[in-house]
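# Fold and contact review
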Amino acid sequence: MVHTRVLLSVLVLTWTTGSQSVTTYRCDPNRLPIVATCLVRNVTLTSEADILNAYFPNDMRYVALSMVDGFVPEFTRALALKLPTVQDLNVDAMGITKLYIWKTIEVIAARNNSIREVLFDAEHHQLRSLQLDDNRLSKVPPFGKWFNELKLLSLDGNRLEQVTLDSFAEMEHLQSLSLARNGLIRVEPALRVANRPVQGVQLLKLKHFSLASNHLLTVNISEWEMPSLVSLDLSNNDLYMLLDEPRQFRHFGALLNVSYAGNDWNCEWLSEAQLVLHEQGIATPAQDLADRCERENMKKLKGICCYDHAFEQKLAQDPFESRWEQLNELRRRYELVQFAYDQVEDNDLNLITEQAHELRGKLVGPVAQEQDVVKSELLRLQHALANENAHLQRLQDEIERTVHDLGQSIDELHERAVRPKPTLDAVHHRMTGVSIEGIRDQIEFLRHHIHDYVYKISEREKRLRQYDVQIKQLEVQLVELKELQQSLAEWTTSIATPVYKANQILDSIKPKSEEAFNQIRTLRNGDYIYSYRG
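Computed from a prediction, not measured in an experiment: that's the story for all the values here.

About the criteria used
Residues numbered from 1 in each chain as written. Predicted model: local features only at pLDDT ≥ 70, side-chain atom pairs only at ≥ 80, totals over all residues. Heavy atoms only, no water. Helix = DSSP H or I, 4+ residues; strand = E, 2+ residues; numbered from the N terminus. Buried < 20%, exposed > 50% of the residue type's maximum accessible area, 1.4 Å probe, protein only. Areas by Shrake-Rupley, 256 points an atom, 1.4 Å probe, with all protein chains shown as cover. Contact = heavy atoms within 4.5 Å. Salt bridge = Lys/Arg side-chain N within 4 Å of Asp/Glu carboxyl O. Disulfide = S-S within 2.5 Å. Phe/Tyr/Trp six-rings, centres within 6.5 Å; stacked < 30°, edge-to-face > 60°. pLDDT = per-residue confidence, 0-100. Pairing = 2+ DSSP bridges. Expected span 1.5 Å × (residues − 1).

## Observations regarding the overall build of the protein chain
A tally of regular secondary structure across the protein chain gives 11 helices and 24 strands. Counting only residues that meet the buried cut, the protein chain has 43% of its 534 residues in that class. Surface exposure of the protein chain reaches about 29100 Å², of which carbon and sulfur atoms provide 51%.

Now the structure itself:
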């Protein structure tokens, strides 16, 4: 959807019906743009009851909705039913763990959440763009034929380790697919079945495909039928060579751009591939960093680092004679860091939310005016804790990926070291592009990273303790306000009888003049005012 968006201010109105609090989010009615985005702030829906009592007006003027600074752990079907006119939805950084996609929505951006599950009905959907970057998906959702209108799908920064491209084959209009920053170790055209050859995959309209910043050792592009592919990004992986001859690039007739820097290429294969890319007029703009080749004892071919056959001979020796004990110590430290993180994670957002509802229920009578202040403070603490947990999770992911990469490197190199004459076919399935100096650097980097992570864990524990102290202070304030309310009620009860008797006496007096009548009326008004002020 390409148009100019106007972000409008939002009026949030809350009223109480019985024991339920109803909240409505309403866009500014004074503006009337033709096509507009309604910006809603502080949407906090932590339970089914909150969703049931939330109201979003059904206004055809606003086909796009953007939520910011809120917290919606589960974006459910019940919430989607409250947004019948919305075609473009942005719910970035809303703490979502489950996301429901309804059939009439066309554009969804739900980045920087904690989404582990995507739900939808088995029917045709109109979704054309879906961005789920930086979430916690461990597998590709089974979109299949129900999402054949989808043109853009971005799953960067999730937890995908293995992907079969036939998961996207039924998306007939898919033009852009990005699987970067996932830790992928294998990308297959289709699911492998015993005693059957691997089937190819057709993505006839795909133009842009990214596998950047993963842990791929090799990719089989000969089974890809992508006649419309314009750009391919294979940069920053662990690629030694592709399972195909370099001339396979000629099968992509529309290909204009290939990014392949940041890998561990074999120089012989890379030289032939660069010749094919040059003959086809395919641009390769990205290059390796200037000092990488020298630092890792690699050669450079047209700005790209690669290993020659001399490196393979070095692997015949055991590169970890004295490193195994050190590696075990690093793994033990990582387990300690993981345990510390689990201790912090136990103080989750549900406890903060329950305390917020409990404090809100205690605010009655004259102290109701303090309700919004307490709610705002608790919400701030809740978001601060959510941000800390998210940061800790990102640090955990980095350490997990580093340890996984290091462990895989050690296993592959050790397996190669015990074999006197490794074959080229075996090289295709093992990581041979890591030098001894590179492993040492990785171990040293992991040690510093663990120290830094432990320090950050300690700092965040201190912040969490501060949040707990602030919550206890708020509870003390609530107790004081409740006592004040009780004292006011007792005082009002104590003076009610004297005031009533005084009014009876004044009613029984018969004024003899207009001046006396005015004095009695003034006296009675003063009593009422005094009673009201008290």
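## Quick notes on the environment of Trp-146
Mapped onto the elements, Trp-146 comes out in the loop between strand 12 (129-131) and strand 13 (152-154). Along the sequence, Trp-146 and His-125 sit 21 residues apart, while their C-alpha atoms lie 5.8 Å from each other. Those residues in contact with Trp-146, other than ones at most four positions away along the chain, are Phe-120, Ala-122, Glu-123, His-124 and His-125.

## Examining the pattern of salt bridges
If you walk through the whole model with that rule in mind, you get 18 salt bridges. Arg-111 serves as the salt-bridge partner of Asp-92, at 2.8 Å between the closest nitrogen and oxygen. Of the two residues, Asp-92 sits in the loop between strand 8 (88-90) and strand 9 (98-101) while Arg-111 sits in the loop between strand 10 (107-109) and strand 11 (117-120), which places them 19 residues apart along the sequence. One salt bridge in this structure joins Arg-292 and Asp-264, with 2.8 Å as the shortest N-O distance. Taken together, the residues Arg-292 in helix 4 (residues 292-295) and Asp-264 in the loop between strand 21 (257-259) and strand 22 (265-266) connect sequence positions 28 residues apart. Taking relative accessible area as the criterion, Arg-292 reaches 9% and is therefore assigned buried. A relative accessible area of 7% means that Asp-264 is categorised as buried.

## So, the state of the cysteines
Evaluation of the coordinates by the stated rule reveals 2 disulfides. Disulfide partner of Cys-267: Cys-306, at an S-S distance of 2.0 Å. Looking down the S-S bond of the Cys-267 and Cys-306 bridge, the torsion is 95°, so its handedness is right-handed. Of this pair, Cys-267 sits in helix 3 (residues 267-279) while Cys-306 sits in strand 24 (residues 304-307), placing them 39 residues apart in sequence. The same class applies to Cys-267 as to Cys-306, namely buried.

## Quick notes on the packing of aromatic side chains
Centre-to-centre distance and the angle between the planes together describe a pair of aromatic rings. Counting across every chain of the model gives 7 aromatic pairs. Considering the side-chain rings of Phe-75 and Trp-102, the 6.1 Å spacing of their centres and the 5° angle between planes classify their relative orientation as stacked. On the criterion of sequence distance, the pair formed by Phe-75 in strand 7 (residues 74-75) and Trp-102 in the loop between strand 9 and strand 10 is long-range, its members being 27 residues apart. Comparing Phe-75 with Trp-102, the two get one shared label, buried. Between Trp-265 and Trp-269, the ring centres sit 5.2 Å apart and the planes meet at 10°, which makes this aromatic pair stacked. Among the aromatic side chains, those forming a connected cluster through ring pairs are Phe-120, Phe-143 and Phe-147.

## Quick look at the confidence of the model for the protein chain
Within the protein chain, residue pLDDT values average 77, and 69% of them lie at 70 or more. pLDDT under 50 marks residues 313-322. Its contacts with residues more than four places away, or in other chains, come to 13 contacts. Confidence over residues 527-534 falls short of pLDDT 50; this stretch has 5 contacts with residues more than four positions distant or in other chains.

## Regarding the pairing of strand 24
Alternating positions in strand 24 separate into two faces, Ile-304 and Cys-306 on one and Cys-305 and Tyr-307 on the other, with burial throughout. Direction of pairing for strand 22 relative to strand 24: parallel, over a ladder of 2 bridges. Paired with Asn-266 across the strands is Tyr-307, a residue of strand 24. The pairing of strand 23 (residues 299-301) with strand 24 spans 3 bridges and is antiparallel. Of the residues in strand 24, the one forming a bridge with Lys-300 is Cys-305. Between strand 23 and the antiparallel strand that follows it, strand 24, lie 2 residues; Lys-302 among them carries a positive phi value of about 55°.

## Here we look at the environment of Glu-188
Inspection of the secondary structure assignment puts Glu-188 in strand 16 (residues 186-188). Glu-188 gets classed as buried once you look at its relative accessible area, which sits at 11%. The spatial distance from the C-alpha of Glu-188 to the C-alpha of Val-201 is 9.2 Å, given a sequence separation of 13 residues. Residue contacts for Glu-188: discarding those within four places in its chain leaves Val-163, Thr-164 and Leu-165.

## Some details on helix 3
In a regular helix each residue adds 1.5 Å, so 13 residues correspond to 18 Å; helix 3 covers 18 Å between its end C-alpha atoms and thus fits that length. Taken as a whole, helix 3 has its buried residues at Cys-267, Trp-269, Leu-270, Ala-273, Gln-274, Val-276 and Leu-277. On its buried face, helix 3 sits against strand 21, strand 22, strand 23 and strand 24. Phi for Gly-281, located one or two positions after helix 3, is positive at around 70°.

## What about the sheet that holds strand 22?
As summarised here, the arrangement of the 3 strands in space is 22-24-23, forming an open sheet in which the pairing is mixed. Both edges of this open sheet fall to strand 22 and strand 23, since each of them pairs with a single strand only.

## A short note on the sheet that holds strand 7
Strand order in this open sheet of 3 strands is 7-9-11, and the pairing throughout is parallel. Lying at the two open borders of the sheet, with one neighbouring strand each, are strand 7 and strand 11. Alignment of strand 9 against strand 11, held across 4 bridges, turns out to be parallel. Along strand 11, the bridge assignment pairs Ile-101 with Phe-120.

## Digging into the environment of Asn-90
Within the element layout of this structure, Asn-90 appears in strand 8. Separated by 53 residues in sequence, Asn-90 and Thr-37 have C-alpha atoms that sit 9.9 Å apart. Residues in contact with Asn-90, not counting those within four places in the same chain, are Leu-65, Ser-66, Met-67, Ala-109 and Arg-111.

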